[in-house]
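If you want the building blocks of each chain, they are given just below.
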Amino acid sequence: MQDTLRITEVFYSLQGETRTAGLPTVFVRLTGCPLRCQYCDSAYAFSGGTLRTLDSIMEQVAGFKPRYVCVTGGEPLAQPNALPLLQQLCDAGYEVSLETSGALDISGTDTRVSRVVDLKTPGSEESHRNRYENIEHLTRNDQVKFVICSREDYDWAVSKLIQYNLAERSGEVLFSPSHHQVRASDLADWIIADNLPVRFQLQLHKLLWNDEPGR
Ligand SMILES: C[S@@+](CC[C@H](N)C(=O)[O-])C[C@H]1O[C@@H](n2cnc3c(N)ncnc32)[C@H](O)[C@@H]1O
Ligand SMILES: Nc1nc2[nH]cc(C(=O)O)c2c(=O)[nH]1
Ligand code: SF4
Ligand SMILES: [Mg+2]
């Protein structure tokens, strides 16, 4: 029996977020997540999906001839075979990113992968799941993201930024407004007022295509 993964969708779009925002990217969305962030825009990936072999996923990705591949979910690291998938994608020469809640151990992932670790804010209602041991594994190839739901979340994110020296420890710290929960321009103004060493980001795919799955 070959290694399998439960997959919700594989699609080609513009990366809507992170350091590679705007670049054509293949998304591999893994099914299932142990968290329930109140804002989750990918709840359709909590269940269902299709059991697929690594080979069939690699073949479909190759068909798009991408430079960038983003493994997301659901929570990719909740499936043990996410690790060989990430390794095979790197071996095939793609620039690979992994979106993870950081509630699971990130230390086993291929070091070529840019890990985008979402430190869950209190407003997500899942901040008690943050695995702070992950922070010591971060490198300049990784990114830390805060999805901010309120001014209180912003103040919390700033305190973690300072406490863990995240701007030095990782390649990029991203501050993203939770969609429709905080005014994007308010978040932008707070970052400027505090002169923070972070990158403001919006979810470009929502501006372009609203919230359609597979975009
Ligand atoms: C759907 S999650 C999948 C990967 C992983 N479970 C995680 O939370 O990082 C991908 C990213 O989308 C973000 N996200 C989900 N819903 C959002 C929303 N309503 N507004 C802004 N970002 C959101 C998450 O916080 C996470 O950084
Ligand atoms: N275009 C596009 N970019 C994305 N970046 C992160 C996404 C996600 O849902 O995790 C996403 C998505 O769903 N679509
Ligand atoms: S961890 Fe990610 S996929 Fe899971 S509920 Fe939170 S945002 Fe959604
Ligand atoms: Mg999405």
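Here, the structure is the one placed above.
The following refers to the structure shown. Model, not experiment: these values are computed from the prediction.

Evaluated as defined, the whole model comprises 7 aromatic pairs. Taking 5.6 Å as the distance between ring centres and 15° as the angle between the ring planes, the aromatic pair formed by Tyr 132 and Tyr 164 counts as stacked. Within this pair, whereas Tyr 132 is found in the loop between strand 6 (114-118) and strand 7 (143-148), its partner Tyr 164 is found in the loop between helix 3 (151-163) and helix 4 (166-169), the two being separated by 32 residues in sequence. On the basis of relative accessibility, which here comes to 26%, the residue Tyr 132 falls in the partly exposed class. Judged by centre distance (5.3 Å) and plane angle (50°), the rings of Tyr 154 and Trp 190 are tilted. Of this pair, Tyr 154 sits in helix 3 while Trp 190 is found in helix 5 (residues 184-194), placing the two residues 36 residues apart along the sequence. For Tyr 154, a relative accessible area of 0% gives the class buried. An aromatic cluster of at least three residues, connected via ring pairs, comprises Phe 146, Tyr 154, Trp 156, Phe 175 and Trp 190. The positively charged end of Arg 151 is found above the aromatic ring belonging to Trp 190, 5.1 Å away from the centroid.

With that out of the way, let us pick up the nonpolar core. Note on soluble globular proteins: their nonpolar side chains tend to be buried together. Core analysis: the largest hydrophobic core is formed by 45 residues, its most contacted members being Val 28, Leu 85, Phe 146, Leu 166 and Phe 175. Among residues more than four places away in sequence, those in contact with Phe 146 are Leu 119, Thr 121, Trp 156, Ala 157, Lys 160, Leu 166, Val 173, Leu 174, Phe 175 and Ser 176. Grouped together as the second largest cluster of nonpolar side chains are 6 residues, Leu 35, Tyr 39, Val 147 and Cys 149 included.

We now examine the pattern of salt bridges. Throughout the structure, instances matching the rule amount to 11 salt bridges. A single network of salt bridges, built from pairs that share partners, joins Asp 91, Asp 110 and Arg 112.

Residue placement: Val 113 occurs in the loop between strand 5 (95-100) and strand 6. Each C-alpha atom of the pair Val 113 and Val 71 lies 9.9 Å from the other, and the pair is 42 residues apart in sequence. Leaving out residues up to four positions away in the same chain, Val 113 has contacts with Leu 86, Cys 90, Val 96, Ser 97, Leu 98, Asn 141 and Asp 142.

Another point: the site of ligand 1. Surrounding ligand 1, one finds 20 residues, the nearest of these being Tyr 39, Gly 74, Asp 118, Lys 120 and Lys 145. Contact between ligand 1 and His 179: a nitrogen atom at 3.0 Å from a main-chain N or O atom of the residue. Secondary structure elements with two or more residues in the shell around ligand 1: strand 4 (68-73), strand 5 and strand 7. Here the shell around ligand 1 is composed, by residue class, of 4 nonpolar, 9 polar and 7 charged.

So, on to the site of ligand 3. In the vicinity of ligand 3, the contacting residues are Cys 33, Leu 35, Arg 36, Cys 37, Cys 40, Phe 46, Gly 74, Ser 101 and Lys 120. Taken together, the residues that form the shell around ligand 3 break down as 5 nonpolar, 2 polar and 2 charged.

Conventions we followed
Residues numbered from 1 in each chain as written. Chains lettered and ligands numbered in written order. Predicted model: local features only at pLDDT ≥ 70, side-chain atom pairs only at ≥ 80, totals over all residues. Heavy atoms only, no water. Phe/Tyr/Trp six-rings, centres within 6.5 Å; stacked < 30°, edge-to-face > 60°. Helix = DSSP H or I, 4+ residues; strand = E, 2+ residues; numbered from the N terminus. Buried < 20%, exposed > 50% of the residue type's maximum accessible area, 1.4 Å probe, protein only. Lys NZ or Arg CZ within 6 Å of the ring centre and 35° of its normal. Core = buried A, V, L, I, M, F, W, Y, C linked by side-chain atoms within 4.5 Å. Contact = heavy atoms within 4.5 Å. Salt bridge = Lys/Arg side-chain N within 4 Å of Asp/Glu carboxyl O. Near = heavy atom within 4 Å. Polar contact = N/O pair within 3.5 Å; in protein donor to acceptor, adjacent residues only side chain to side chain. Nonpolar A, V, L, I, M, F, W, Y, C, P; charged D, E, K, R; others polar.

By themselves, these are just geometric observations and shouldn't be taken as functional.
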